[in-house]
Amino acid sequence: MSVSHSVPASAQLPGHSVPVETPECEASTTHGISTPEAVELHTAWPGWVPLLVIMVMVVCCIGFALGRIFA
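Bear in mind the structure is a predicted one, so any value in this text is a computation, not a measurement.

S.K.: Can you help me understand the overall build of the protein chain in this one?
M.R.: Summing up its helical and strand segments, the protein chain has 1 helix and 0 strands in all. When each of the 71 residues of the protein chain is scored for burial, the buried share is 1%. When the accessible surface of the protein chain is totalled, it reaches about 7,100 Å², and 68% of it is carbon and sulfur.

In structure tokens form, the structure reads like this:
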């Protein structure tokens, strides 16, 4: 789909060209780059497992910091 209407002469400045609309085939540079996620990955980890790992790491870091302070 292209637009072929012209700009009135009063809107054009001397020495400047009218911008051309980007062709539809070049409008999106990311088209076709992303790949769909496999269905198997939707249920690979329950939602609580990553949270549990993060919580254990935070508790360990806080425990280490408190141990260094009071040692």
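S.K.: Hey, could you run me through a nonpolar patch on the surface in this one?
M.R.: Side chains of Leu51, Ile54, Val58, Ile62, Leu66, Ile69 and Phe70 sit close together on the surface and give an oily, nonpolar patch of about 750 Å² of accessible area. Here Val58 shows up in helix H1 (residues 48-70).

S.K.: Is there a simple way to explain the UniProt feature "transmembrane region" (unreviewed entry) in the protein chain in this structure?
M.R.: Taking the numbering used here, the UniProt-annotated feature "transmembrane region" (unreviewed entry) corresponds to residues 48-70. Helix makes up 100% of residues 48-70 and strand 0%, and the two end C-alpha atoms of the span are 32 Å apart.

S.K.: Explain the state of the cysteines to me, please; I cannot follow it from the model alone.
M.R.: Throughout this description, disulfide means a covalent bond between two cysteine sulfur atoms. One pass over the full model with this rule turns up 0 disulfides. Sulfur of Cys60: no disulfide; nearest cysteine sulfur belongs to Cys61 and is 6.9 Å away. Classification of Cys61 as exposed rests on a relative accessible area of 54%.

Rules and cut-offs
- Residues numbered from 1 in each chain as written.
- Predicted model: local features only at pLDDT ≥ 70, side-chain atom pairs only at ≥ 80, totals over all residues.
- Heavy atoms only, no water.
- Helix = DSSP H or I, 4+ residues; strand = E, 2+ residues; numbered from the N terminus.
- Buried < 20%, exposed > 50% of the residue type's maximum accessible area, 1.4 Å probe, protein only.
- Areas by Shrake-Rupley, 256 points an atom, 1.4 Å probe, with all protein chains shown as cover.
- Patch = residues over 30% accessible without salt bridge, like charges linked within 9 Å, V, L, I, M, F, W, Y side chains within 5 Å.
- Salt bridge = Lys/Arg side-chain N within 4 Å of Asp/Glu carboxyl O.
- UniProt positions renumbered as here; feature names shortened; annotations may be inferred.
- Disulfide = S-S within 2.5 Å.

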